[in-house]
Amino acid sequence: MSAKVAYDEYKKNKVITASGVELIVQLYDGIIKNIHLAREIFTKGDTLTFDEIKEKGKVISKAMNIVTGLADALDMEKGGDISINLSKLYEFVNMRLLNANLNNDPAMLDEALRVLHELREAWEGILKQESEDRQKVVGETGEKPEEKFQSEAVDVVRKSGTYNRLAIKT
């Protein structure tokens, strides 16, 4: 098995076995990674090659597509103000990414990154709380609920494609 095939299999398993919150954190990681790739291209200055311009557009588009997917998953009825605020933040991020690409302005990428890092940190906090809750269950019952939690999360993701946490549609 080649290294690329093994890595692709690892990534696939990481998604399949992740809880809903872990999937959202992974999506944020993907957005942030693509913005950093774009940022690297921006550092080359105004004399970009055609391939560099194409790559910049590609990675910014990937980031925007993930943000749009997160925005589309919001449940405005159940989520109330949280969904409205997240929607506005996602719109802000996408506008910054679009304008950064059009105007070759790395400062706009930095603005988007600041918002995304804060949102990712909030989801990390939820993930930490879930982990602590699992540990509490283990301490109280002596059972190891990992398989149950993991299988429930995979079922939610498989059935709905989204996660019902903080105003996410199911």
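Okay, so let's go over this structure. (Residues numbered from 1 in each chain as written. Predicted model: local features only at pLDDT ≥ 70, side-chain atom pairs only at ≥ 80, totals over all residues. Heavy atoms only, no water.)

## A few points about the nonpolar core
- Membership of the largest hydrophobic core comes to 31 residues, with the highest contact counts inside it found for Tyr28, Ile31, Ile35, Tyr90, Leu97 and Leu109.
- Per element, the largest residue contribution to this core is ten residues, and it comes from helix H5 (residues 106-141).
- Aside from chain neighbours lying at most four places away, what touches Tyr28 is Leu70, Tyr90, Leu116, Leu119, Arg120 and Trp123. (Core = buried A, V, L, I, M, F, W, Y, C linked by side-chain atoms within 4.5 Å. Buried < 20%, exposed > 50% of the residue type's maximum accessible area, 1.4 Å probe, protein only. Helix = DSSP H or I, 4+ residues; strand = E, 2+ residues; numbered from the N terminus. Contact = heavy atoms within 4.5 Å.)

## Overview of the environment of Leu89
- Counting through the fold element by element, Leu89 comes out in helix H4 (residues 76-103).
- Judged by relative accessible area, which is 31%, Leu89 ranks as partly exposed.
- C-alpha of Leu89 to C-alpha of Val67: the two residues are 22 residues apart in sequence and 9.7 Å apart in space.
- Aside from chain neighbours lying at most four places away, what touches Leu89 is Val115 and Leu119.

## Focus on unusual backbone geometry
- Positive phi is not limited to glycine here, since Asn104 has a value of about 50°.
- Along the polypeptide, Asn104 turns up in the loop between H4 and H5.

## A few points about the side chain of Asn34
- Summarising the element assignment, Asn34 is placed in helix H2 (residues 20-42).
- Of the residues examined, Asn34 reaches a relative accessible area of 7% and is grouped as buried.
- Within polar-contact distance, the side chain of Asn34 engages the backbone oxygen of Gly30 at 2.8 Å.
- Ignoring anything within four residues of it in the chain, the contact list for Asn34 reads Val59, Lys62 and Ala63. (Polar contact = N/O pair within 3.5 Å; in protein donor to acceptor, adjacent residues only side chain to side chain.)

## Remarks on a positive patch on the surface
- Positive charge collects at one region of the surface, where Lys33, Lys54, Lys58 and Lys62 lie side by side.
- Looking at the positive patch, the element that brings in the most residues is helix H3 (residues 50-72), giving three residues.
- Residue position: Lys62 is located in helix H3.
- Looking at Lys62, the relative accessible area reads 39%, which means it is partly exposed. (Patch = residues over 30% accessible without salt bridge, like charges linked within 9 Å, V, L, I, M, F, W, Y side chains within 5 Å. Areas by Shrake-Rupley, 256 points an atom, 1.4 Å probe, with all protein chains shown as cover. Salt bridge = Lys/Arg side-chain N within 4 Å of Asp/Glu carboxyl O. Lys, Arg positive; Asp, Glu negative; His and termini not counted. Charge placed at Lys NZ, Arg CZ, Asp CG, Glu CD.)

## Observations regarding H3
- Here H3 is 23 residues long and its end C-alpha atoms lie 32 Å apart, about the 33 Å a rise of 1.5 Å per residue gives.
- Listed in full, the buried residues belonging to H3 are Glu52, Lys56, Gly57, Val59, Ile60, Ala63, Met64, Val67 and Leu70. (Expected span 1.5 Å × (residues − 1).)

## Quick word on the environment of Val115
- Counting through the fold element by element, Val115 comes out in helix H5.
- On the basis of relative accessible area, Val115 is assigned to the buried category, the value being 16%.
- C-alpha of Val115 to C-alpha of Val93: the two residues are 22 residues apart in sequence and 7.4 Å apart in space.
- Dropping the residues within four chain positions of it, Val115 is found in contact with Leu89, Phe92 and Val93.

## Remarks on the environment of Met64
- By the element assignment, Met64 lies in helix H3.
- The exposure class of Met64 is buried, given its relative accessible area of 18%.
- Along the backbone, Met64 and Ile35 are 29 residues apart, and their C-alpha atoms lie at a distance of 9.5 Å.
- The contact partners of Met64, leaving out residues within four places of it in the chain, are Asn94, Leu97 and Leu98.

## Comments concerning a nonpolar patch on the surface
- Together, Met95, Leu98 and Leu102 make up an exposed nonpolar region whose accessible area comes to about 280 Å².
- Note on placement: Leu102 falls in helix H4.
- On the basis of relative accessible area, Leu102 is assigned to the exposed category, the value being 59%.

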